[in-house]
Amino acid sequence: MEKRVTFKGVWLPLLLVLPQLVITAVFFFYPAGQAVWQSLFIPDPFGLSMQWVGLGNFEYLLSDPYYRASFVTTAVFSVLVTVVSMGVALVLAVLADRLIKGSGAYRTLLIWPYAVAPAVAGVLWMFMFNTRVGVVTWYLGQLGYDWNHVLNGTEAMGLVVVASAWGRISYNFLFFLAGLQAIPRSVIEAAAIDGARFWTRFRTIVWPLLSPTTFFLLVVNIIYAFFETFGVIHTITAGGPQQSTTILVYKVYADGFVGQDLGSSAAQSVILLVVVSILTIVQFKFVERRVHY
Amino acid sequence: MASLTLENVRKSFGPTEVIHGVDIDVKDGEFIVIVGPSGCGKSTLLRMVAGLETVTSGTVSIDGRVVNGVEPMDRDIAMVFQNYALYPHMSVFDNMAYGLKIAKTPKPEIEARVAQAAKMLQLEPYLQRRPRELSGGQRQRVAMGRAIVRKPAVFLFDEPLSNLDAKLRVQMRLEIKTLQRDLGVTSLYVTHDQVEAMTLADRMIVMNGGVADQIGAPLEVYANPQTAFVAGFIGSPPTNFLAPAMLGQSGDGQIGIRPEHVRLAPSGQLTARAAYSEALGAETLVHLRGPNGGLLTVRQDAGEPIPEEGAEVSLDWDVDREMRFGPDGRRA
Amino acid sequence: MAQQNGMVEKRGAGHWLTHAGLILGVLFIFFPIWLAFVASTVTQPEIARPPMPLLPGGHLWQNYSKALTSGINAPVALMLFNSAVMAIGIAVGKIAISLLSAFAIVYFRFPGRHLFFWLIFLTLMLPVEVRIVPTYEVAANFGMLNSYGGLILPLVASATATFLFRQFFMTVPDELAEAARVDGAQPMRFFVDILLPMSRTNIAALFVILFIYGWNQYLWPLLITTDPSMNTIVMGIKQMFPSGDDLADWPVIMATSILAMIPPVLVVIGMQKLFIRGLVESEK
C-alpha cells in the first residue's frame, strides 16, 4: 500500500527518521551485535582479555544439563501460563457475552489487572502463599496440606504460573469478548433455530469463528510468558528451588549479572534472539492472514 | 482571471501511458467540463493542471505562464475534491481560512473574505461547526467556499457532486453554475455524468482512453459527435448502432441513429420485434430486438402508440439523421 | 423447552449461573488485591500471626504515610516520582520519534526508506530481555547508570508505535494532503496543522498503553539503578524484602504495592473512556 501523494525532499525525511535511527542503532543493533560477538569468546578468569572459542559457548550450553532443563522449564511454564490464562478468560468472556445487560460492568471489573505490573502481581501472590504469613498457606495447612514453594519445585512452578496467568486474564478476556461480540447474532440465532443447543453451537459455530482471535492470543501469550514474566519469577522464586523455575530469560540474567559469565550469557541471548525471531515471524504471518479474512 | 492551455500533454505511470497527448485551450472565464467513463484519464488530467501529478511531456500554462514545475500553491488555482477533503478537526471558518493563513493574509482581510464567501454560500450560521456536524450539501458548500476565498485564477472541480443524492445534485449543479457566472472564474470541471456536463459546460471535452475525442459546445457535441464513442456516451438513452449491411448499405463501420429520431411506421428501413417498454411519463422508451438480435431503442412521446410486447414493427427515420462512422470509430 | 435453547432467551437458572460464574471470576481477580489492601491497613504483628484478618484494620494512614515518607530503602514518594518520570518519558519519547518516522516513511520517498522500514521491523525481535548485558554495557559507557536518561532512552525506540502511526496515516485520505498542498502548506506545516490534530485519539490511546508499559518495567530499572533514590516503585518493592531470615515489613510493602498499582489502574479506567471516544470519532 502506498500513498498517492508524497512531499518532495530528501533531507527532511532523513532528519525525521534520525532520532529513531540513532536510538535503534545505539541501543538495539549495537548491543545485539555485541551479543553475537561476545558469544564467540570467553573471558579469562581475571576479565582482562577475551579468548576466541568460536561456537564453543553454544556447544557448551547445549550440552549443559541445566540449560537444557531451562528449555524444558520454559516450555512447560509458557504452555501452562497460556492455557490457564486463555482458558479462564474464554470462560469469562463466553459468560459475559451471554448477558444482554451488564457485560460492560463486568468488563470494567475484569480488565484492570491489565495495569498491574508482573512484578507487583508476583509480590501479591507471594504474599498469599508465603510460607510464614501467607493466608492461603495457613488455610491449606488447616486442611492438612503443607504448602512450601520454597522447597517444592512443583509448587513453585504452580505458583509462578498462576501469578503470571492472573494478570494476563484481563487482556485475553478483552480480546475474546470483542471476538465473540463480532460474531453476527444472526448466525447464532440461525443455529438456535436449527436446533443446536448451547454447547453444540459453541463447538460448531462460535469456536471456529473465534479461531483467528484464539490463534492471535496464543502467539501473543507465548511471547508474554517468554519475556515479560521475568518480574514474577524474580519476585517469587528467583528461579528456584534448584532452578525449577529458571526460564530462559531468567537464566540470561542470572548467568550474565549474578554469575558474571558473559560468554555464556551472550550465547544465551543469541539463542533467545532466534526464538523471538521465529515467534515474531509466526505472529506476522498470522496477522497478515487475519487482515485478509 | 486567466486562460488555461494544455499542449500535447502526456502522462505515463511507469511504462504505461495513460494520457496520449491532449490539447485544450480554455479562454478566460470559460467553464469547461471534461466528461468520460471511469479510467479515461480525466481526473489525471485535472490533477496535472493542479500540480498534484507531474506532467510526463507537453506543457500546462496558466495565463501564458508554463507551470509544469510549479508547486500547486503557486499556480493560483483552487480545487474542489470529490470527497471535499475538509480538515475534520477544523471549524468551517478555519477550513476556509487555512490557505489564507498560510499565505499570511492579514486577519481582517481573512475575516472579510470568509464572511463574503459564507454569505454567498449561505454558510453563515455554520461557521463555527465541524465538518462532521454538517449535511452533505453543506460540506459541499464549504469545499466551494474554501476555493472561493483564495480568489484563484482557475477553479478545478474533481467530480464534486458525485457524493450527493440525486435531488441535491441538481440543486448544487445550479448553484455551481450561478456562482461561476457571477465570479467569472475560469473553471475546469471533471465528471462522469453527462447530464452535469451538458448543463454546466460552455464547452465540453469528451475523453476516451486517454484521448480527447471531441471538444465543443454541449449541443454541438450532441448533434454532431465526431466519434462513435462520443455518440454512444453522450445522450440518454444512448444512440442505436447498426451495421451498414442491415440497411442494405455497403462499407464497414457502423451507422448511429438517436432514439428520438426513430419513428414507428407502417413501413420503414428496418423491422424489429418489440421486447419491452419503459413508460417514464412524458416519454416512453420502447426497446426492440433487431434482425441480428441486438437491442434498439425508440423514444415515443406520451400519447404516441406503444407496440405490444412481441409485436413486429417497422422503424423509419430521415436519412440525414444517420451518423456514419468508419471502422476506426471516426465520423466518416 | 424451546426457551432453554439459549443465547436468544436467557432466563431462569442459566441466567443466574452466568452471573455466578462471572462473580467468581471477579473474586478471583480481586482476591489478591483485596488481601494486599487489607495487609496495608493492619499492623505487622497481626500479619505475623497467621491467619491475618480478612477485613481492613485501622492503620491505613500510618502505613501509607510511613511508606511514602520514609519507606525502607528510600521514600516511596520518591520512587513514585521516578516511575512517573520514566513512564511519561518513555511514552512521550516513543510517541514523538514514532510520529516523526512514520510521517517520513508514509509521506516521502527518500533513499533508504525500505531499509529503514526493515530496520524498525527488526527491533521487534530484540526485546530488552534478550540483549540485557550488552545494552547495560552501552548505558554504562555513556554514564547513564542511575540516571533518568538511562531509564528512558534505551526503551524509547518502538516498532509497534511506528507501525501503528504508519497504519493510521495510511487511512488518512490522500485528498487531505492534496488540499493542504493546494492551500500552500509545506510538509511540516501539514504535519503540525492537519496530521497531528487528526491523530490525537490514536496518540492518546497509545499513550495509555505506553505509560503502563513504562510504569511496569522491571528488569531494566533493576539493572540500571543501584542507588535506591533512583529506584522505580515496581522494582523497588522487591528491594524492600530483607535479605536474611528477618520478617519483612509486610504492611509497608503491601502499601507500596497498592501505591504502585494506583497510577496505571487510573490510566486504564481513563482508557475505557478513550476507547469509547475513539469509536464515536470514527463513527461521525
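Treat the numbers as computed from the prediction; the structure is a model and nothing was measured.

Draft legend 1. Summary view of the overall build of chain B. Summing up its helical and strand segments, chain B has eight helices and 18 strands in all. Along the three orthogonal principal directions, the C-alpha set of chain B runs to about 75 × 45 × 30 Å. Looking at chain B residue by residue over its 332 residues, the buried ones come to 40%. Excluding contacts between residues fewer than 6 apart, the proportion of contacts in chain B whose partners are at least 24 apart in sequence is 61%.

Draft legend 2. Representation of the overall build of chain C within the structure. Across its full length, chain C holds 14 helices and zero strands. What you see in chain C, going N to C, is helices and strands ordered as α-α-α-α-α-α-α-α-α-α-α-α-α-α. With the principal axes as the frame, chain C shows a C-alpha extent of 75 × 75 × 30 Å. By the burial criterion, 48% of the 284 residues in chain C qualify as buried. Here the analysis covers contacts within chain C between residues at least 6 apart in sequence; of these, 71% occur between residues at least 24 apart.

Draft legend 3. Just the nonpolar core, in detail. The biggest cluster of nonpolar side chains holds 260 residues, and the ones touching the most others in it are Val 120 of chain A together with Phe 103 of chain C. Looking at which element gives the most residues to this core, the answer is helix H4 (residues 76-107) of chain C, with 17 residues. Two domains each put at least three residues into this core: domain 1 (4-232) and domain 2 (238-249 + 256-325) of chain B. The residues contacting Val 120 of chain A, other than those within four sequence positions of it, are Val 234, Ile 237, Ser 257, Ala 260 and Met 261 of chain C.

Draft legend 4. Seen up close, the interface of chain B and chain C. In this assembly, 18 residues from chain B lie in contact with 15 residues from chain C. Its residues assigned to classes, the side of chain B that touches chain C shows 14 nonpolar, three polar and one charged.

Draft legend 5. Up close: the pairing of strand E9 (residues 203-208) of chain B. Residues and elements named next belong to chain B. Counting buried residues along E9, five of its six residues qualify, which places the element largely inside the surrounding structure. In this structure, strand E3 (residues 31-35) lies alongside E9, joined through four bridges in parallel fashion. In the sheet register, Ile 32 faces E9, and the bridge partner there is Arg 203. By the bridge criterion, five bridges tie E9 to strand E10 (residues 211-216) in an arrangement that is antiparallel. Paired with Met 204 across the strands is Gly 216, a residue of E10. Remark: two residues form the turn of the hairpin made by E9 and E10, two consecutive strands paired antiparallel; Gly 209 in that turn has positive phi of roughly 55 degrees.

Draft legend 6. View of the environment of Thr 280 of chain A. Inspection of the secondary structure puts Thr 280 of chain A in helix H12 (residues 262-292). Remark: the alpha-carbon pair of Thr 280 of chain A and Thr 204 of chain A, spanning 76 residues in sequence, is separated by 30 Å.

Draft legend 7. Broad picture of the UniProt feature "domain: ABC transporter" (unreviewed entry) in chain B. Mapped onto this numbering, the UniProt entry annotates "domain: ABC transporter" (unreviewed entry) at residues 4-234 of chain B. The distance from the first to the last C-alpha atom of residues 4-234 of chain B is 25 Å, and the span holds 37% helix and 26% strand.

Draft legend 8. Focus on the interface of chain A and chain C. With 82 residues of chain A at the contact, the number on the chain C side is 77 residues. Partitioning the side of chain A that touches chain C into residue classes produces 62 nonpolar, 15 polar and five charged.

Draft legend 9. Representation of the sheet that holds strand E14 (residues 270-279) of chain B within the structure. Residues and elements named next belong to chain B. Pairing is antiparallel across the open sheet formed by five strands, whose spatial order is E13-E17-E14-E15-E16. Each edge of the open sheet is held by one strand with a lone partner, namely strand E13 (263-265) and strand E16 (295-301). Taking the axes of each pair of neighbouring strands and ignoring which way they run, one obtains an average angle of 50 degrees across the sheet. Two elements, E14 and strand E17 (residues 312-316), share four bridges in a ladder whose sense is antiparallel. Its bridge partner being in E17, Ala 272 is matched across the sheet by Val 313.

Draft legend 10. Quick look at the sheet that holds strand E1 (residues 4-13) of chain B. Residues and elements named next belong to chain B. Taken together, the four strands give an open sheet; going across it, the order is E2-E1-E4-E5, and neighbouring strands pair in antiparallel fashion. Each end of this open sheet is capped by a strand with a single partner; those strands are strand E2 (16-26) and strand E5 (65-66). One ladder, built from two bridges, connects strand E4 (residues 57-62) with E5; its direction is antiparallel. Paired with Ser 61 across the bridge in E5 is Val 66.

Draft legend 11. Structural detail: the pairing of E1 of chain B. Residues and elements named next belong to chain B. Note: E1 against E2, eight bridges, orientation antiparallel. In the sheet register, Leu 4 faces E2, and the bridge partner there is Val 26. In this structure, the hairpin formed by E1 and E2 is closed by a connection of two residues, where Gly 14 is found at a positive phi of approximately 60 degrees. In the sheet, E1 pairs with E4 via five bridges, with the strands oriented antiparallel. Along E4, the bridge assignment pairs Glu 7 with Thr 59.

Draft legend 12. Expanded view of the packing of helix H3 (residues 65-98) of chain A against helix H4 (residues 103-111) of chain A. Residue and element names in this part refer to chain A. At a closest axis distance of 8 Å, the pairing of H3 and H4 adopts a crossing angle of 155 degrees. Compared by their axis directions, H3 and H4 come out roughly antiparallel. Here H3 and H4 pass one another in a crossing that is right-handed. The residues of H4 that touch H3, namely those facing Leu 92, Ala 96 and Asp 97, are Ser 103, Tyr 106, Arg 107 and Leu 110. Of the residues contributing to the contact of H3 with H4, the split by class is four nonpolar, one polar and two charged.

Draft legend 13. Highlighting the domain arrangement of chain B. Residue and element names in this part refer to chain B. Looking at the assigned domains, one finds that chain B contains domain 1 (4-232) and domain 2 (238-249 + 256-325). If you average the C-alpha positions of domain 1 and of domain 2, the two centres end up 39 Å apart. On the side of domain 2, six residues touch domain 1, which itself brings five residues to the contact. Residues of the side of domain 1 that touches domain 2, tallied by class, amount to three nonpolar, two polar and no charged.

Draft legend 14. Layout of the environment of Gly 9 of chain A. Mapped onto the elements of the fold, Gly 9 of chain A is located in the segment before helix H1 (11-38). Among the residues examined, Gly 9 of chain A registers 17 C-beta atoms within 10 Å and is labelled partly exposed.

Draft legend 15. Seen up close, helix H4 (residues 136-149) of chain B. Residues and elements named next belong to chain B. For H4, which comprises 14 residues, the first-to-last C-alpha distance of 20 Å matches the rise-based estimate of 20 Å (1.5 Å per residue) to within 8%. In terms of residue burial, H4 counts as a mostly covered element, since 11 of its 14 residues are buried. Here the buried face of H4 lies against strand E6 (77-80), helix H2 (92-102), helix H3 (107-120), strand E7 (154-158) and helix H5 (166-183). Backbone geometry just after H4 places Lys 151 at a positive phi near 45 degrees.

Draft legend 16. Examining the packing of helix H5 (residues 118-128) of chain A against helix H7 (residues 153-181) of chain A more closely. Residues and elements named next belong to chain A. Running from amino to carboxyl end, H5 crosses H7 at an angle of 130 degrees, the nearest separation of the two axes being 9 Å. The angle between the axes of H5 and H7 places the two elements in the oblique class. Crossing of H5 against H7: the hand is right-handed. Contact residues: Pro 118, Ala 121, Gly 122 and Trp 125 in H5; Leu 159, Val 162, Ala 163, Ser 164, Trp 166 and Gly 167 in H7.

Draft legend 17. Region of interest: H4 of chain C. Along its 32 residues, H4 of chain C runs 46 Å from first to last C-alpha, staying within 8% of the 46 Å computed at 1.5 Å per residue. A large share of H4 of chain C lies buried, amounting to 23 of its 32 residues.

Draft legend 18. Fine view of the confidence of the model for chain C. Residues and elements named next belong to chain C. Mean pLDDT over chain C stands at 84; residues scoring 70 or higher make up 90%. Low confidence marks residues 1-9, where pLDDT is under 50. Its contacts with residues over four positions away, or in another chain, come to 11 contacts. Low pLDDT, under 50, characterises residues 276-284; the predicted model gives this stretch five contacts beyond four residues in sequence or across chains.

Draft legend 19. Structural view of unusual backbone geometry. All names here are of chain B. That bond from Ser 236 to Pro 237 is cis: its omega, -5 degrees, falls within 30 degrees of zero. Position of Pro 237 among the secondary structure elements: in the loop between helix H8 (228-233) and strand E11 (240-242). Despite not being glycine, Tyr 84 shows a phi value in the positive range, around 70 degrees. Looking at the secondary structure, you find Tyr 84 in the loop between E6 and H2. What makes Tyr 84 buried here is the crowd of 23 C-beta atoms within 10 Å. In this structure, Lys 104 is a non-glycine residue whose phi angle is positive, near 60 degrees.

Draft legend 20. Structural context of the confidence of the model for chain B. For chain B, per-residue confidence averages 90 on the pLDDT scale, and 100% of positions sit at 70 or higher. Looking across chain B, the model is least confident in E13 of chain B, with a mean pLDDT of 87, and most confident in E3 of chain B, with 95.

Reading the values: rules and limits
- Residues numbered from 1 in each chain as written.
- Chains lettered and ligands numbered in written order.
- Predicted model: local features only at pLDDT ≥ 70, side-chain atom pairs only at ≥ 80, totals over all residues.
- Helix = DSSP H or I, 4+ residues; strand = E, 2+ residues; numbered from the N terminus.
- Buried ≥ 20, exposed ≤ 12 C-beta atoms within 10 Å, placed from the backbone.
- Contact = placed C-beta atoms within 7 Å.
- Core = buried A, V, L, I, M, F, W, Y, C linked by C-beta atoms within 7 Å.
- Domains from an automatic or database assignment.
- Nonpolar A, V, L, I, M, F, W, Y, C, P; charged D, E, K, R; others polar.
- Pairing = 2+ DSSP bridges.
- UniProt positions renumbered as here; feature names shortened; annotations may be inferred.
- Axes fitted to C-alpha atoms, helices over the stretch in contact; angles between N-to-C directions.
- Parallel < 35°, antiparallel > 145°, perpendicular 65-115°, else oblique.
- Left-handed = near helix turned anticlockwise from the far one by under 90°.
- Expected span 1.5 Å × (residues − 1).
- pLDDT = per-residue confidence, 0-100.

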